[in-house]
Amino acid sequence: MPFLDYRSAWDEVSDFSCLILRTLVTSILFQKPSFMSDLDAQIPGTFDPFADASADDSGAGAKEYVHIRIQQRNGRKSLTTVQGLKKEFSYNKILKDLKKEFCCNGTVVQDPELGQVIQLQGDQRKNASTFLIQAGIVKKEHIKIHGF
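Residues numbered from 1 in each chain as written. Predicted model: local features only at pLDDT ≥ 70, side-chain atom pairs only at ≥ 80, totals over all residues. Heavy atoms only, no water.

The name given to the protein in an unreviewed UniProt entry is SUI1 domain-containing protein, and the organism recorded there is Trapa incisa. For the record of the protein, the UniProt heading Sequence similarities (unreviewed entry) holds the text "Belongs to the SUI1 family." (UniProt positions renumbered as here; feature names shortened; annotations may be inferred.)

S.K.: Could you give me a rundown of the overall build of the protein, with the residues and numbers involved?
M.R.: Counting its secondary structure elements, the protein contains four helices and five strands. Within the protein, the fraction of its 148 residues that count as buried is 24%. Contacts in the protein between residues at least 24 apart in sequence constitute 54% of all its contacts with a sequence separation of at least 6. About 11,500 Å² of surface is accessible on the protein, with carbon and sulfur atoms providing 56% of the total. (Helix = DSSP H or I, 4+ residues; strand = E, 2+ residues; numbered from the N terminus. Buried < 20%, exposed > 50% of the residue type's maximum accessible area, 1.4 Å probe, protein only. Contact = heavy atoms within 4.5 Å. Areas by Shrake-Rupley, 256 points an atom, 1.4 Å probe, with all protein chains shown as cover.)

S.K.: An account of helix α3 (residues 91-102) is requested, with residue identities and associated values reported.
M.R.: Over its 12 residues, α3 runs 16 Å from end to end, which matches the ideal 16 Å to within 8%, given 1.5 Å per residue. Burial in α3 covers these residues: Tyr 91, Ile 94, Leu 95, Leu 98 and Phe 102. With its buried residues spanning 100° around the axis, α3 presents them on a single face. Away from its buried face by more than 90 degrees, α3 exposes Asn 92, Lys 93, Lys 96 and Lys 100. (Expected span 1.5 Å × (residues − 1). Arc of directions from axis to C-beta.)

This is the structure we're talking about:
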């Protein structure tokens, strides 16, 4: 008889230990690891860099840039192009002032992709950018100078 009591007590202990073991295993298997929660916190959301841009900027607009480039012709000869100005401006008047200011020749060319482009003789990139800023045509942060 004592053997049977011992056996039933052992069964109760083993059932209890199995229950504890089973709950531990299920909690480990179905619990989200702590390193995964750290990774979730580090994943950045979407970021819109133009969200702060205001539409009432003068000059080239909120997202538009004025591109000033240099093109090498032959030998030492070069050509400076200014593109991206707003259509409201009179390109011929701007060209006239640029030519008079920098003692160079130039023209306005109609391009099918880029629209109207001002061309100046020589390397006038810095001169043209300072002129456009001082005249109030474009803000400094809306000018991109390309070349060399």
